[in-house]
Amino acid sequence: MLHSNELNIINSSIISLKVMWFTKKKVARSKKYFTDEWVGEWKRALEESELYKVKGKEWNASVLLRMDPPSPALKKESYIGFYLDLQYGECHELRYADETDRDIADVILKADESTWLTLIEQKKDPAMMIMKGSLKLEKGSLVMLTNQKQAAKALLQTAPSYEKESLDEEYISETIDKIPVRRKHISFNTTNRGLDFESFPMKLFQKAKQFGVWDPASISFEKDREDWKKLSDDEKTIIIHLSSLFMAGEEAVTLDLLPLIQTISKEGRLEEEIFLTSFLWEEAKHTEFFSRFVKEVFVERPDFEQFHKPFYKKLFYRQLPEDLNRLYTDSSPLAQLKASGTYNMIVEGTLAETGYEAYHKMLKENNLLPGLQDGIIKLKQDESRHIAYGLYLINRLLNDNSDCSAPFEKHLEELLDDATNVIHEIFEPYDVVPFGLEKEWFLNYAIKQFQQRINKLGIY
Ligand SMILES: [Fe+2]
Ligand SMILES: [Fe+2]
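A quick note: this is a predicted structure, and the numbers were derived from the prediction, not measured.

**Comments concerning the overall build of the protein**
On a plain count of helices and strands, the protein comes out with 19 helices and seven strands. Counting all 460 residues of the protein, 37% fall into the buried class. Looking at the protein alone, contacts between residues at least 24 apart form 80% of all its contacts between residues at least 6 apart.

**Considering the nonpolar core**
Across soluble globular proteins, nonpolar side chains show a tendency to be buried alongside one another. One finds Val63, Val347 and Leu416 to be the most contacted residues of the largest nonpolar core, which totals 105 residues. Take this core: its biggest share by element is 14 residues, from helix H16 (residues 333-365). If sequence neighbours within four positions are ignored, Leu416 has contacts with Met128, Met131, Ile346, Thr350 and Phe450.

**Here's the deal with the packing of helix H12 (residues 233-256) against helix H15 (residues 310-325)**
The N-to-C vectors of H12 and H15 enclose an angle of 10°; their axes lie 10 Å apart at closest approach. As far as their axial angle goes, H15 and H12 are roughly parallel. Residues Leu245, Ala248, Gly249, Ala252 and Asp256 of H12 pack against Tyr312, Phe316, Leu320, Pro321 and Leu324 of H15. Here the residues of the contact of H12 with H15 are counted per class, giving eight nonpolar, one polar and one charged.

**Remarks on the confidence of the model for the protein**
Low pLDDT marks stretches whose predicted atomic positions should not be read closely. For the protein, per-residue confidence averages 86 on the pLDDT scale, and residues scoring 70 or more make up 88% of the total. Note on residues 164-176: pLDDT under 50 across the span, and 29 contacts to partners over four residues away in sequence or across chains.

**Observations concerning helix H19 (residues 439-457)**
Between its terminal C-alpha atoms H19 stretches 27 Å, which fits the 27 Å expected from 19 residues at 1.5 Å a residue. Looking only at H19, the buried set comprises Phe442, Leu443, Ala446, Ile447, Gln449, Phe450, Arg453 and Ile454. Angularly, the buried residues of H19 cover 160° about the axis, an arc narrow enough to put them on a single face. Where the residues of H19 are buried, they touch helix H6 (126-132), helix H7 (142-147), H16, helix H17 (370-400) and helix H18 (405-427).

**Description of the environment of Leu142**
Relative to the helices and strands, Leu142 is located in helix H7. When the C-alpha positions of Leu142 and Glu440 are compared, they lie 6.5 Å apart, and in sequence the two are 298 residues distant. Those residues in contact with Leu142 that sit more than four places away from it in its chain are Leu137, Glu440, Leu443 and Asn444.

**Brief notes about the packing of helix H10 (residues 200-211) against helix H14 (residues 270-297)**
Axis separation between H10 and H14 bottoms out at 8 Å; the angle between their running directions is 25°. When the axes of H10 and H14 are compared, the pair comes out roughly parallel. Where H10 crosses over H14, the handedness of that crossing is left-handed. Across the interface between the two elements, Pro201, Met202, Leu204, Phe205 and Ala208 of H10 pack against Glu271, Glu272, Ile274, Phe275 and Ser278 of H14. Of the residues assigned to the contact of H10 with H14, the class counts are seven nonpolar, one polar and two charged.

**Focus on the environment of Thr277**
Along the polypeptide, Thr277 turns up in helix H14. It is 9.7 Å that separates the C-alpha atoms of Thr277 and Leu258, two residues lying 19 residues apart in sequence.

**Digging into the sheet that holds strand E2 (residues 60-67)**
If you trace the five strands from one edge of the open sheet to the other, you get E4-E3-E2-E5-E6, paired in mixed fashion. Every interior strand has two partners, whereas the edge strands, strand E4 (90-98) and strand E6 (136-139), have only one. Between one strand and the next, the sheet's axes are offset by a mean angle of 25°, whatever the strand orientation. Here strand E5 (residues 107-111) runs beside E6; their pairing, made up of three bridges, is antiparallel. Bridge pairing in E6 links Ile108 to Lys139.

**What to know about the environment of Arg453**
Along the chain, Arg453 falls in helix H19. Excluding residues within four positions of it along the chain, Arg453 makes contact with Met345, Gly349 and Leu391.

**Some details on the pairing of E5**
Where burial is concerned, most of E5 is hidden: four out of the five residues are buried. Two elements, E2 and E5, share five bridges in a ladder whose sense is parallel. Residue pairing for E5: Leu64 is matched across the bridge by Ile108.

**Quick notes on unusual backbone geometry**
The step from Asp68 to Pro69 runs through a cis peptide bond, and the omega angle for that step is 0°. Position of Pro69 among the secondary structure elements: in the loop between E2 and strand E3 (79-87). Phi angles above zero are rare outside glycine, and Tyr88 is one such case at about 45°. Looking at the element boundaries, Tyr88 is found in the loop between E3 and E4. The class of Tyr88 is exposed, set by 11 C-beta atoms lying within 10 Å. With phi around 50°, Asn367 is a residue other than glycine that occupies positive phi space. Within the secondary structure, Asn367 is located in the loop between H16 and H17.

Conventions and cut-offs
- Residues numbered from 1 in each chain as written.
- Chains lettered and ligands numbered in written order.
- Predicted model: local features only at pLDDT ≥ 70, side-chain atom pairs only at ≥ 80, totals over all residues.
- Helix = DSSP H or I, 4+ residues; strand = E, 2+ residues; numbered from the N terminus.
- Buried ≥ 20, exposed ≤ 12 C-beta atoms within 10 Å, placed from the backbone.
- Contact = placed C-beta atoms within 7 Å.
- Core = buried A, V, L, I, M, F, W, Y, C linked by C-beta atoms within 7 Å.
- Axes fitted to C-alpha atoms, helices over the stretch in contact; angles between N-to-C directions.
- Parallel < 35°, antiparallel > 145°, perpendicular 65-115°, else oblique.
- Nonpolar A, V, L, I, M, F, W, Y, C, P; charged D, E, K, R; others polar.
- pLDDT = per-residue confidence, 0-100.
- Expected span 1.5 Å × (residues − 1).
- Arc of directions from axis to C-beta.
- Left-handed = near helix turned anticlockwise from the far one by under 90°.
- Pairing = 2+ DSSP bridges.

Shown next, in the form of structure tokens:
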């Protein structure tokens, strides 16, 4: 808590920059959805769409867009949505669907009426709506759908939307605050209000002291070295591949956390800063752990960076440091939300959690590399506290700054797209992935993790 004099000093010296965000005003719709006229209009638009011809040129599957529960706006009670026969950029059939179409459709996408209307009117990305859990893939392959997400998006863009967009732009100004460096302390939290032991960050800190004190140097890799000698070249390659992603990932989060800690400290949030000291220490240990593992187990040091592909580089080489280091010059609530969204929600909460779960499952099922398994179990526990703090921070920021919700949501959407592309990228070099690793499992797990976090935030 800051003293009021100090707050005045800070407020008067805040450097404000005006940034313009705009949203488009909507006008009420006059025509009705899901009528014969609407279906006819859609079919015509789809047949004439040059965009769909290009984006859908590799899509050859029939699709049932199911409305669950069926909308009363559908022409007949027995109708459950729409059936589309799509072949290489062309629409051969678009009609109302009934129950019998569930057997013949290759892909079934299911959502309630309001979700379909959101997709149609706001031209949302259907792949993203699947990630968020509002659109469900009832039949078909998630891998195929995420590969064809541009086709799916272009397809829904052709559906007639009766909500017109006004040309008027509504500007919302946002103040970007640079929190000045504190040059002196006026009072101390501990001697003024007292440390809040009941606060969530302090409870996390208690757990960190209990579970986060493991030492990477005390983990034995003796059996790992023996196991390594028995592995085939392909098996070695996938372990080197995954290790190279985790190793650089842990280094990136170690290097890039500091600006967030500094921002929290400048705001005088002592309990949060106390927890963050354990957070950074743990990331440093994770970096040490992987470096020890590869040094002690791999006979020769491989070329790790050959496995860092474009989407991985985009997230870990650029986006993460950019979003975190921005806090040095812009510590506005939106900048903090973006930093935590990238760090806690996407890098830790979606990619790292999925990767570690898959890695551990693979090693355990094959009874391999016990030292690596042991470290990953401990590391996963640490990560769950980091993600819990991230959710706490995001909730706190959103509660006080509801106008940040839309731009934050957009930020997450873009990054989630990159995160799924990282998963596609991992599997690209392999025809058959050793140890039975499956892309479908990765994608499903990543989506489940993201959905759980989003539900806790309640922003969608
Ligand atoms: Fe970590
Ligand atoms: Fe972490």
